[in-house]
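# Topology and contacts: notes
Residue strings, one per chain:
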Amino acid sequence: MLKGIRNSIILTSLLYIVLGVVLIVFPEVSLGLACILIGAVTLIYGVVRIVAFVRDGGEASGRFDLFVGVLLAALGIFLLVCPQVIVSLIPIALGIYIIVDSVSAVKKALDLKALGFEHWWVSFLVALALLILGAVMVVRPLAAASVPVVFIGIVFLFDGVSTLANTVVADRVFRNLSLIHISEPTRLDVI
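In this numbering scheme, every chain counts its residues from 1 along its sequence in written order. Given that the model is predicted, a residue must reach a pLDDT of at least 70 before its local features are reported, and side-chain atom pairs must reach 80 or more before they are shown or counted; all residues, however, enter totals for whole chains, interfaces and linings. Calculated side-chain values reflect all of the structure's heavy atoms, with hydrogen atoms and water omitted.

### Some thoughts on the overall build of the protein
For the protein, the count of helices and strands is eight helices and zero strands. Listed by position from the N terminus, the elements making up the protein come as α-α-α-α-α-α-α-α. By the burial criterion, 30% of the 191 residues in the protein qualify as buried. The contact criterion used throughout is that any non-hydrogen atoms of two residues lie within 4.5 Å. Across the protein, the fraction of contacts at a sequence separation of at least 24, relative to all contacts at a separation of at least 6, is 76%. Strands are runs of DSSP state E lasting at least two residues, helices are runs of H or I lasting at least four, and both sets are numbered from the N terminus onward. Classification of residues uses two cut-offs on accessible area relative to the type maximum, computed with a 1.4 Å probe and protein chains only: under 20% is buried, over 50% is exposed, and between them is partly exposed.

### Examining the pattern of salt bridges
What makes a salt bridge here is a side-chain nitrogen of Lys or Arg within 4 Å of a carboxyl oxygen of Asp or Glu, nothing more. Applying the stated criterion to the full structure yields one salt bridge. Two residues, lysine 107 and aspartate 111, come together in a salt bridge whose shortest N-O distance is 2.9 Å. Of this pair, lysine 107 and aspartate 111 both sit in helix 4 (residues 83-114), four residues apart, which is roughly one turn of that helix. Lysine 107 gets classed as exposed once you look at its relative accessible area, which sits at 52%. Overall, aspartate 111 belongs to the partly exposed group, its relative accessible area being 34%.

### Some details on the environment of valine 51
Relative to the helices and strands, valine 51 resides in helix 2 (residues 27-55). When the C-alpha positions of valine 51 and glycine 69 are compared, they lie 8.5 Å apart, and in sequence the two are 18 residues distant.

### Structural notes on helix 3 (residues 63-81)
To estimate the expected span of a helix, count its residues, drop one, and scale the result by 1.5 Å. Along its 19 residues, helix 3 runs 27 Å from first to last C-alpha, staying within 8% of the 27 Å computed at 1.5 Å per residue. For helix 3, the set of buried residues is Val68, Gly69, Leu72, Ala73, Gly76 and Leu79. Projected down its long axis, helix 3 carries its buried residues within an arc of 130°, all on one side. In helix 3, those exposed residues whose orientation departs by more than 90 degrees from the buried face are Arg63, Phe67, Leu71 and Val81. For this quantity, the arc is that covered by the directions from the helix axis to the C-beta atoms.

### Concerning the side chain of arginine 49
Its place among the elements puts arginine 49 in helix 2. Look past the residues within four positions of arginine 49 in its chain and what remains in contact with it is Phe64, Asp65, Val68 and Gly69.

### A short note on a nonpolar patch on the surface
A contiguous nonpolar patch, built from Val18, Val21, Val22, Ile24, Val25, Phe26, Val150 and Ile154 and spanning about 620 Å² of accessible area, is present on the exposed surface. Those elements that place two or more of their residues in the nonpolar patch are helix 1 (2-25) and helix 7 (148-183). In this structure, valine 150 sits in helix 7. Judged by relative accessible area, which is 30%, valine 150 ranks as partly exposed. Within this analysis, patches are made of residues with over 30% relative accessible area and no salt bridge. Like charges are joined at 9 Å or less; nonpolar side chains (Val, Leu, Ile, Met, Phe, Trp, Tyr) at 5 Å or less. Accessible areas in this description were obtained via Shrake-Rupley with a 1.4 Å probe; residue shielding takes into account the shown protein chains only.

### What about helix 5 (residues 120-139)?
Because an α-helix completes one turn every 3.6 residues, residues spaced three or four positions apart along the sequence face the same direction. The first and last C-alpha atoms of helix 5 sit 29 Å apart over 20 residues, in line with the 28 Å expected at 1.5 Å per residue. Here helix 5 has its buried residues at Ser123, Ala127, Leu130, Gly134 and Met137. Buried residues of helix 5 fall within an arc of 75° about the axis and therefore sit on the same side. Opposite the packed face of helix 5, turned more than 90 degrees from it, sit the exposed residues Ile132 and Val139.

### Observations concerning the confidence of the model for the protein
Residues at a pLDDT of 70 or more form 79% of the protein, whose mean pLDDT is 76. What pLDDT expresses is the predictor's confidence in each residue, scored from 0 to 100. Taken element by element, the protein is modelled with least confidence in helix 8 (residues 187-190), mean pLDDT 47, and with most confidence in helix 5, mean pLDDT 86. Note that pLDDT drops below 50 for residues 187-191; the model gives that stretch zero contacts with residues more than four away or on any other chain.

### Some words on the nonpolar core
Counting residues in hydrophobic clusters, the biggest one holds 15 residues, and the most contacted among them are Leu94, Met137, Ile152, Val155 and Phe156. Put simply, the parts of the chain that give this core at least two residues each are helix 1, helix 4, helix 5 and helix 7. Of all the elements, helix 7 adds the most residues to this core, at five residues. Setting aside its immediate chain neighbours within four residues, valine 155 contacts Ile98, Leu130, Leu133 and Met137. Put simply, a nonpolar core is a bunch of buried Ala, Val, Leu, Ile, Met, Phe, Trp, Tyr and Cys residues held in one set by side-chain atoms that sit within 4.5 Å of each other.

If you want it as structure tokens, here you go:
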């Protein structure tokens, strides 16, 4: 279970790194593509919910599916027709995400400190830097929007690298702790 979570975090970190590099290298193409993809995915998901409602015979319990489906389909069409709306919301939405992720990273850094990891403060400082970047994106979205894609790419790249590094460090700390715990004699060994 923990190995699956660790692998998921590593995969997500690598995807953040790739996304960050793509956003930095191809800012014009990636922003337009992101708007189209978000609109298309939202529209498709809305249509799938509507089809599920129709397929189930329009039962009363499925009316929520119909409502959500129509709402998502309309939102998807809106995003495809007016992509500039999503462009203006990207810094705020990603800033909120980065803040939440950073708070979690601060907690992990403090956990590393509690476990006695000597360089816990590096993870802590990186998490604080990400927290500040996220706050800038939320509080000053127009400032972040002046170079939105490159800035967002840098934040994603930074977040991916720091999360990957924290995961590797935490994995080593937990392995060392489990080896220490296994090598200690238990009461049954003494008896």
